[in-house]
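# Fold and geometry: a report
Residue-level listing of the chains:
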Amino acid sequence: MRLSYASLATGLLLAACGSAAVQTPDVASDIHVTLTPVVTEAEFPWGMVFLPNGDMLFTEKEGGLKRVPGGEGTPVSVSGLPEAFTDRQAGYLGLTLDPDFAATRLVYIAYSKGTAEANGAAIIHARLSDDGNTVEEVTEIFWADRRDTALHYGSRLQFASDGTLYATLGEGFKYMEQAQDPKITHGSIIRINSDGSIPADNPFADGAVGNPAVWSYGHRNAQGLYYDAETDTLYETEHGPKGGDELNVIRKGANYGWPKITYGVNYDGTIITDKTEAEGMEQPLTYWVPSIAPSGLTKLTSDVYHGWKGDLFTGGMNGPAGLKLVRIDMEDGKVVGRENLFDGEYAIRDVIQGPDGHLYVATKDMDGIFRVDVVE
């Protein structure tokens, strides 16, 4: 294991904040991996899933929903989606399958709905036709509070073992102060039932002190979400500003601090807050300074890659330290190291595990979708 040291900028920030936080050490693997193209025709892919028959579905930010027969090759367009608001970071975003997809054929999709003056992340479910070429019976189950920006939508979706649906919602950038208000969905993670109704055990279910759908708050722009059914744990990655990207364990009703605490600074280098920790606010499992813009999050449950089973993986798609796939070395629920894979090759928007046990990554721009293969 080889240690990495925080940059000078990080040291100055932590000194200013009076924090003794320590960066996670780098680790190295004994195996070598390469990226094998599986889908070359993909324009700004955002989220992806595999169907039980081996087909792949993925969203394109402006192109809607695509299906790849057999999970490799040329995608075909899936018609029937509602029109999205597409501008800057707005468009067709996260997706997931109904836990009982084999019976219902329901796909859940998050997208940006509205106008430049009033828009927000919406969630729909729709039935994928038997031939996989259209979605039918489109039903909206949630629409976040409106804002007038085309930035920071979050929009990752994950079902839990109890059948409830978690979704990340960004704070719209200029509305960052509202991330501290649980009555507003900006900068939150919500938890709803599969039909959009509110679970009775949500922390603010009665609406007295928070929005009934809100599960946690104080987030910036969470673009990674993974529910670990084995341990009933919800993991999340979110973008900091300039520095301060985070991996968190999400807990019921918890406040994750943005923008009252952060390990980052404004893009112009000015200080957002002099605090990196505060009573009643959660600390990340690990954080990145400088930024990688983490996007997509999954846990490896297969034995394809020796020594990696049980580790988390997130894409890095921007920032001075982005363009990589990050292996987050996990032991007993704690982060013990990080390894940068494919450093500098591609901006990675999403990462999932396929039915063959391999990791698959979608790049942010127009480079396509790749399988992570072991080099023998």
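Notes on the structure follow. The structure presented is a predicted model; accordingly, all values stated were derived computationally and were not measured. (Residues numbered from 1 in each chain as written. Predicted model: local features only at pLDDT ≥ 70, side-chain atom pairs only at ≥ 80, totals over all residues. Heavy atoms only, no water.)

## Quick look at the sheet that holds strand β7 (residues 106-114)
Note the cut-off: In short, DSSP must find at least two bridges between two strands for them to pair. Here a strand is any run of E in DSSP of at least two residues, a helix any run of H or I of at least four, and the numbering for each starts at the N terminus. Lines fitted to the C-alpha atoms define the axes, with helices restricted to the stretch that makes contact. Angles between their N-to-C directions range from 0 to 180 degrees.
Overall, antiparallel pairing links the 4 strands, which are arranged β6-β7-β8-β9 in an open sheet. Edge positions in the sheet fall to β6 (92-97) and β9 (135-143), since each of these pairs with one other strand and no more. Pairwise comparison of adjacent strand axes, ignoring direction, gives a mean angle of 25° for this sheet. Pairing between β6 and β7: 4 bridges, direction antiparallel. Within the sheet, the bridge partner assigned to T96 lies in β7 and is Y108.

## Quick word on the layout of surface pockets
Spelled out, the test is: Here a cavity denotes grid points, spaced 1 Å and computed from the protein atoms alone, that fit a 1.4 Å probe unable to get out, and a pocket denotes an open set having protein on both sides within 12 Å along at least 5 of 7 lines; residues with an atom within 4 Å of a point are the lining. Grid points are joined across faces, edges and corners, and a volume is the space filled by probe spheres set on the points. We call Asp, Glu, Lys and Arg charged. Ala, Val, Leu, Ile, Met, Phe, Trp, Tyr, Cys and Pro are nonpolar, and the rest, Gly among them, are polar.
The volume enclosed by the largest pocket comes to roughly 910 Å³. Every element with two or more residues in the lining of the largest pocket is listed here: β2 (45-50), β6, β10 (157-159), β14 (221-228), β18 (294-299) and β22 (348-353). Considering only residue class, the lining of the largest pocket consists of 20 nonpolar, 10 polar and 5 charged.

## Regarding the side chain of T314
Test applied: Relative accessibility decides the category of a residue: with a 1.4 Å probe and only protein chains considered, values under 20% of the type maximum give buried, values over 50% give exposed, and everything between is partly exposed. Throughout this description, a polar contact denotes any pair of N or O atoms lying within 3.5 Å of each other; where both atoms belong to protein, one of them has to be capable of donating a hydrogen while the other can accept it, and for residues adjacent in sequence the pair is counted only when both atoms sit in side chains. The contact rule is simple, with two residues in contact once any of their heavy atoms fall within 4.5 Å.
The topology assignment puts T314 in strand β19 (residues 312-316). Residue T314 is classed as buried on the basis of its relative accessible area of 0%. One polar contact links the side chain of T314 to the main-chain carbonyl oxygen of G296, over a distance of 2.7 Å. The residues touching T314, leaving out its near neighbours within four places in the chain, are T237, W288, P294, S295, G296, L297, K324, L325, V326, I328 and V351.

## Digging into the side chain of D373
Relative to the elements of secondary structure, D373 occurs in strand β24 (residues 369-374). Given the relative accessible area of 14%, D373 is considered buried. In contact with D373, other than residues within four places in its own chain, are H32, V33, T34, T36 and H358.

## Some words on the nonpolar core
Filter applied, for reference: Grouping buried Ala, Val, Leu, Ile, Met, Phe, Trp, Tyr and Cys residues that are joined through side-chain atoms within 4.5 Å yields what is termed a nonpolar core.
With 22 residues, the main nonpolar core has I123, F142, L165 and I190 as its most contacted residues. Listed by contribution, the elements that provide at least two residues to this core are β7, β8 (119-128), β9, β10, β11 (165-169) and β12 (188-192). With 19 residues, the next largest nonpolar core counts L65, L81, L97 and I109 among its residues.

## A short note on the sheet that holds β24
The 4 strands are arranged β1-β24-β23-β22 in an open sheet whose pairing can be described as antiparallel. Only two strands of the sheet have a single partner each, and these edge strands are β1 (33-39) and β22. For this sheet, the mean angle separating the axes of adjacent strands, direction not counted, is 30°. Pairing between β22 and strand β23 (residues 359-363): 5 bridges, direction antiparallel. From the neighbouring strand, I348 faces β23, where its bridge partner is T363.

## Quick notes on the pairing of β14
The element β14 is extensively covered by neighbouring structure, given that 8 of its 8 residues are classed as buried. Sheet topology places β14 next to strand β15 (residues 233-239); 7 bridges connect them, and they run antiparallel. Paired with A222 across the bridge in β15 is E238. Where β14 hands over to β15, the hairpin turn is made up of 4 residues, of which D232 adopts a positive phi near 55°.

## Topic: unusual backbone geometry
Residue P259 is reached from W258 by a cis peptide bond, and omega for that bond is -5°. By secondary structure assignment, the location of P259 is in the loop between β16 (245-250) and β17 (286-288). P290 follows V289 through a cis peptide bond whose omega is 5°. Unlike most non-glycine residues, D232 shows phi in positive territory, near 55°. Residue classification places D232 among the exposed residues on the basis of a relative accessible area of 56%. Of note in this structure, D332 is not a glycine but carries a positive phi near 55°. Of note, D332 is situated in the loop between β20 (324-331) and β21 (334-341).

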